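# Understanding the architecture of this molecule
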Amino acid sequence: MLHFLRICFLCGCLLPMTIGDIVGLAQERLPCALELSRGILQPSQSELSPFVVSPDGNDANCGLMQTRTGLDQATVGPLGPCRTLTGVRDAIRRFRTQRDDRGNGRLNHETVWIEPGTYWMEEPLVLEPQDSQILFYAHKNATFTRGHLITGLTEEKTADGGRVWRVSVKNPLDETKPWHFEQLYVNGLRAVPAQSPNEFYHYVAETVDAMTDPTTGETLDTSRRAFRPREEDVAMFESVPHDQWKNVQIKFFHSWETSLHRLESYDAATQTVTLAGSGANWSLSYWGANLRYQLQYLESALDQPGEFYLNDAGILSYIPREDEKIETSVVYVPTPIASNEQSGFIRIEGDPDHGQYVENVQWIGLSWTVDPFILPAGGQASGQAAVASPTSVIVRGGKKIVFQWCEIAHTGGYGIWFGPGCSDCEVQYCWIHDTGAGAVKIGSTDVADTTAERLTRRIVVRDNVLNHGGLIDAGCIGVWIGHSPDNVVEHNDIFDYYYTGVSVGWVWGYAESAAVNNQILNNHIRHLGQGVLSDMGGVYTLGPSAGTVISGNHIHDVYSYNRYGRGGWGLYNDEGSTGILLENNLVYRVSTGGYHQHYGRENTVRNNIFALSDDGQIQRSRVEDHLSFTFDHNIVYWNQSELFGGNWNDDQVVLTRNIYWNPENAAPQFAGKTWEEWQKSGKDAGSIVADPHFTDPMKGDFSFTDEQTIRRTGFVPFDVLQAGARNPKWEKISTTAGWFTQEMGERFGRWREAAAIESTAACKKSHSRDFFAPDPPPPAPLSIDDDLESPRTTPLPKANVSTDHRADSVKLMTDTDQPANHFVRMTDGDDLQFGFNPHFYWTPGHSSGTTVCEFDFRISAGALLHHEWRDSSQPYRVGPSFRTNVDGSLTVGGSKICDIPANTWIHARVECTLGEKVGTWSLCLTQRDGGAVLGQATGLGLGAGWNELKWLGFCSLGTTTTTIDLDHFVLRNQP
């Protein structure tokens, strides 16, 4: 039998209430025992109205009934518990309407008691300004889910002796409609959509930058959404039936982001994959060769334990993990939704533009799990921080909105977003994990949201466990702060993400920024990157951020991919970071340095410990005409790679009173100088090269066995054990007993333990880094057969083109005498900055066999065409090359081969053997139309050591207005 509940203010337990108790509470106006640090709720000033939510409730007849019996008296009668949060919201609205009919007019505080149980949510709970002043309280084990329990699974044996579970699923809302879902959870673990490859990546062979629209005949730019797979992967695409293309998803791994796409088509004749929608944020060739991708929701890839596939007939197949038994397993899938607009748990919708806010709403002890996510038809792509991902709990126009002792898990995107117009909100003692993107977002990416009405500020994220994210969009952040000031992110455990832990700011450069006075304090941030993405930091900043403090953080095991894009730093001041204090942080075991400033102004890096980075310790990239940063009272401890990376020899960076120690090298180099030379140049006054006497740095213990050394520079020890989420005794949370319970304190401890267990595998791997992807296979040697007649949006799609400041200096032209004949024209002049521009080149990657390069060219009088082959050495060595001269002659190494008539098409053929058989090269020049030989040479010599073709280029070296026309490029390599 269900009862109304009340809290015993002596022991803190929940007790059943009679109708008389309810009436008594309303009449007594009992004071509330809850005391919150920010004064979010003050129920002691109002009636205590105990609404109840129960798994056995009934939204059609629930809540409290208040009727007028006299001028100042009221009788309250129970209508029963509600079944859903939406139901109790509506009950409170009705109750307030009845109360306000008495002329009260005040919006009193209401309390909602939530009984233990699992509650299914068909749709998000939406709160509006009229729903202010509510406390939602769950004593224990109240879980709200948008997941559906799947039953009726049967187990089958596969041909190879394995197991597969299958069931026919029906849409629980309407069995006549199809049910497409993209997540599956078995015993609390997220299953993997049937994926190829099972580990690591496939690689793009080449991009397809343009296509002809079959309907209009127009040339389409497909550089962001079309490619050809490697030969070994062609069969995988050919296995997908035409009617299943839309189900297959392709995830690209760029440098610091991922993008998610649906397969629009596959053309077997040209082996071309086309993505639905507008594609990625960058050209698929932007990062060079070997762009990584994975395929998911691919039926032929269902071959590993933990993978699932749902076909169009509604048959769900799942390969169980070794320890999973069908009789005891609990299987959930998300509720049906048509689009992500229908996803989410909570939508708090104020109207800050008109001064209407949702205020004083608090959630204590609730769990929300299984939020549906459907990849949009056009895909999902962000420029950074996975900002395009959805969010499960959205607060817009909210004041004093608090989440304490809550859990958010199994989401398709971020956990919580405090959007435009929020202030004085808090997330504390919460566990946000197993998220499709990150945990918490604060503020906006839109500068329009920095007005006084829409600016989000004073958000506190404290003592939370935020982990195991980026499971759909890996480019996410643990805690992201956009255009927002005065926030506090402190004492959190943030780990097991593929990108940055905490990010502050959303301005690239020195434009005005709202992200000032943010405090990033005493967080334990670890196991980031995991060899998947690059250009990240434990704490990452962007733009001017005066008053921002990054202090007391414990950061380690940040490992980046680095094969395109680079950088896994501990503390990272990126573009325009200004006015930031970074002090008392411990950073160790990272990829590319404990600290990096790309460029910024007047930052202070003080009293930190930076240790044991793999590739460089401290990096400064850009020199500008102002003070970059002050590096003072720090300890740098390393045993490999260089100390300082980048630019350090100017006077716009100040280093003083630091301690440097490399136990493997007592005389390290300082930006190419000895210690004595370095100090004579004015750097590091008061600094020393000495052993700081750490207890056991290789095991992460940076306490001191002897403080004599650090006293010499004035370094002040700090207690890194203070970093991370705290687990205070429940009795100390409130000055009076009752609202926070021992069960909550114990639950938080269990959450921390569970979070650690959940990421044990990732942590162990991160220590050894044996899980990093191997080097990608080398790209196939480049072949070219381009007569310039195929569709294109740029003159030379596969080439790297440099036009200086004049985009028209390399241009696709049409021959007036032959309308179907396109060619590329390089136009030189005296207004170009560099003499070698305009120029373009390919990177063939030929290292053996025989390479032949053929092309047609036509020069105006006095034009200086330079054609050259280079290797990959530093400095590079030159192989075959020739040039035309002002007098019209063509020379090789200063020796004349022939004269080239102006304004006449010439065909050139260059041939050279590479690798171990390298010897000489040959050149043949003929007239394109008549074929008459103008000049030829064989047995031409090569520079010592040159034996590979890594760069094939064409330059116009003139300084006057001349033109060079080029057509029909052929490049082939044969064994």
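What you are looking at is a predicted structure, and each value in this text was computed from that prediction instead of being measured.

Right, let's get into the overall build of the chain. Along the chain, the regular secondary structure elements total seven helices and 80 strands. A total of 975 residues make up the chain; the buried ones form 58% of that total. Long-range pairs, those at least 24 residues apart, make up 75% of the contacts in the chain between residues at least 6 apart in sequence.

Let us look at the state of the cysteines. Scanning the entire structure with this criterion turns up one disulfide. Through a disulfide, C62 is tied to C82; the S-S separation comes to 2.2 Å. Classification of the bridge connecting C62 and C82 rests on its S-S torsion, roughly 85 degrees, and on that basis the disulfide is right-handed. Of this pair, C62 sits in the loop between strand 3 (50-53) and strand 4 (63-68) while C82 sits in the loop between strand 5 (74-80) and helix 2 (85-100), and the two are 20 residues apart along the sequence. Since its relative accessible area comes to 2%, C62 is described here as buried.

What follows deals with unusual backbone geometry. The omega torsion of the bond from S196 to P197 falls at -10 degrees, within 30 degrees of zero and hence cis. Following the sequence through the fold, P197 ends up in the loop between strand 16 (195-196) and strand 17 (202-207). Its identity is not glycine, yet H527 carries a phi of approximately 50 degrees, on the positive side. Within the element layout of this structure, H527 appears in strand 45 (residues 524-528). Phi is positive for H968, close to 45 degrees, though the residue is something other than glycine. Overall, the relative accessible area of 32% leaves H968 in the partly exposed class.

Between two aromatic rings, the relevant description is the distance of the centres plus the angle of the planes. One pass over the full model with this rule turns up 64 aromatic pairs. The interplanar angle of 35 degrees and the centroid separation of 5.3 Å between the aromatic rings of F694 and F704 together place this pair among those described as tilted. Residue F694 is located in strand 64 (residues 694-696), and its partner F704 is located in strand 65 (residues 701-704); the two are separated by ten residues in the primary sequence. Between F840 and F954, the aromatic rings sit 5.2 Å apart at their centres with planes inclined by 20 degrees, giving stacked as the arrangement. A residue pair is termed long-range when its members are at least 10 positions apart, and F840 in strand 70 (residues 839-842) and F954 in strand 79 (residues 951-956) qualify at 114 residues. Its relative accessible area of 0% is what places F840 among the buried residues. Looking at F954, the relative accessible area reads 0%, which means it is buried. Taken together, the ring pairs in this structure connect F200, Y201, Y203, F253, W256, W282, Y286, W287, Y561 and Y564 into an aromatic cluster. Seen from the ring of F495, R526 lies directly overhead, with NZ or CZ sitting 4.0 Å from the centre.

Of the two faces of strand 76 (residues 906-913), the one holding I906, A908, V910 and C912 is buried and the one holding H907, R909, E911 and T913 is not buried anywhere. Both strand 71 (residues 850-859) and strand 76 contribute to a ladder of eight bridges, which runs antiparallel. Paired with T851 across the two strands is C912, which belongs to strand 76. Relative to strand 77 (residues 921-927), strand 76 is paired through seven bridges, and the arrangement is antiparallel. Within strand 77, the position partnered with H907 by the bridge is T926.

Here the focus is the pattern of salt bridges. Scanning the entire structure with this criterion turns up 40 salt bridges. Between R589 and D557 there is a salt bridge, with the nearest N and O atoms lying 2.9 Å from each other. One end of the pair, R589, is in strand 52 (residues 586-590); the other, D557, is in strand 48 (residues 554-558), with 32 residues separating them in the sequence. For D557, a relative accessible area of 0% corresponds to the buried category.

All right, on to the sheet that holds strand 43 (residues 502-504) then. Taken in spatial order, the twelve strands line up as 8-28-31-34-37-40-43-46-49-53-57-60 in an open sheet, and their pairing is parallel. Across the chains shown, the open sheet's two edge strands, defined by having one partner strand only, are strand 8 (125-127) and strand 60 (644-646). The sheet shows a mean angle of 15 degrees between the axes of neighbouring strands, direction not considered. Here strand 53 (residues 595-597) pairs with strand 57 (residues 618-620) via three bridges, running parallel. Paired with H596 across the two strands is Q619, which belongs to strand 57.

With that settled, consider the nonpolar core. Counting 134 residues, the largest nonpolar core has I114, F136, W363, W368 and F403 as its most contacted members. Once residues lying within four places of it in the same chain are set aside, the contact partners of W368 are L85, M121, F144, F345, I346, W363, F403, C406, E407, I408 and A409. L788, I900, L923 and W946 belong to the second largest nonpolar core, which has 40 residues in total.

The next point concerns the environment of Y599. As for its placement among the helices and strands, Y599 is situated in the loop between strand 53 and strand 54 (600-601). According to the relative accessible area criterion, Y599 is buried, its value standing at 7%. In sequence terms Y599 and N573 are 26 residues apart; their C-alpha atoms lie 7.3 Å from each other. When neighbours within four sequence positions are excluded, Y599 is seen to be in contact with W508, G509, Y510, N573, D574, E575, G576, S577, R622 and E624. In this structure the side chain of Y599 is engaged in a polar contact, spanning 3.0 Å, whose partner is the side chain of E575.

Another point: the sheet that holds strand 14 (residues 189-190). Taken in spatial order, the four strands make up an open sheet running 10-27-13-14, and their pairing is antiparallel. Two strands close off the open sheet at either side, each with one partner strand: strand 10 (147-149) and strand 14.

This next bit is on the confidence of the model for the chain. Looking at the chain as a whole, its pLDDT mean stands at 89, while 89% of the residues score no less than 70. For residues 1-48, every residue scores under 50 in pLDDT, and the model assigns this stretch 114 contacts once sequence neighbours within four places are set aside. Here residues 729-739 is modelled with pLDDT under 50, and outside its nearest four sequence neighbours on either side it reaches 28 contacts, counting other chains as well.

Attention now moves to the side chain of T891. Mapped onto the elements of the fold, T891 is located in strand 74 (residues 889-892). Of the polar contacts made by the side chain of T891, one reaches the side chain of N885; its length is 3.3 Å.

Attention shifts here to the pairing of strand 69 (residues 822-827). Direction of pairing for strand 68 (residues 810-814) relative to strand 69: antiparallel, over a ladder of five bridges. The partner of L812 across the bridge, within strand 69, is V824. Bridging between strand 69 and strand 80 (residues 963-974) involves four bridges; their strand directions are antiparallel. Bridge assignment links M826 to a residue of strand 80, and that residue is I964.

This brings us to the environment of D209. Relative to the assigned elements, D209 resides in the loop between strand 17 and strand 18 (210-212). Residues D209 and S283, spaced 74 residues apart in sequence, show a C-alpha to C-alpha distance of 8.2 Å. If we ignore the near neighbours within four places in the chain, the residues touching D209 are L220, D221, T222, S223, S283, S285, T793, P797 and K798.

A separate point is the side chain of S534. Secondary-structure assignment places S534 in the loop between strand 45 and strand 46 (536-541). On the basis of relative accessible area, S534 is assigned to the buried category, the value being 0%. Separated by 3.2 Å, the side chain of S534 and the backbone nitrogen of Y561 make a polar contact. A polar contact is formed between the side chain of S534 and the backbone nitrogen of N562, at a distance of 2.9 Å. Not counting residues within four places of it along the chain, the set of residues in contact with S534 comprises S255, W256, Y499, S560, Y561, N562, Y564, G565, R566 and G567.

A few words now on the environment of S168. For S168, the position within the fold is in strand 12 (residues 163-168). Take S168: its relative accessible area is 40%, and that puts it in the partly exposed class. Sequence separation between S168 and T151 is 17 residues, and the spatial gap between their C-alpha atoms is 9.7 Å. In this view, S168 contacts G314 and I315; residues no more than four positions away in its chain are not counted.

Parameters and conventions
- Residues numbered from 1 in each chain as written.
- Predicted model: local features only at pLDDT ≥ 70, side-chain atom pairs only at ≥ 80, totals over all residues.
- Heavy atoms only, no water.
- Helix = DSSP H or I, 4+ residues; strand = E, 2+ residues; numbered from the N terminus.
- Buried < 20%, exposed > 50% of the residue type's maximum accessible area, 1.4 Å probe, protein only.
- Contact = heavy atoms within 4.5 Å.
- Disulfide = S-S within 2.5 Å.
- Phe/Tyr/Trp six-rings, centres within 6.5 Å; stacked < 30°, edge-to-face > 60°.
- Lys NZ or Arg CZ within 6 Å of the ring centre and 35° of its normal.
- Pairing = 2+ DSSP bridges.
- Salt bridge = Lys/Arg side-chain N within 4 Å of Asp/Glu carboxyl O.
- Axes fitted to C-alpha atoms, helices over the stretch in contact; angles between N-to-C directions.
- Core = buried A, V, L, I, M, F, W, Y, C linked by side-chain atoms within 4.5 Å.
- Polar contact = N/O pair within 3.5 Å; in protein donor to acceptor, adjacent residues only side chain to side chain.
- pLDDT = per-residue confidence, 0-100.

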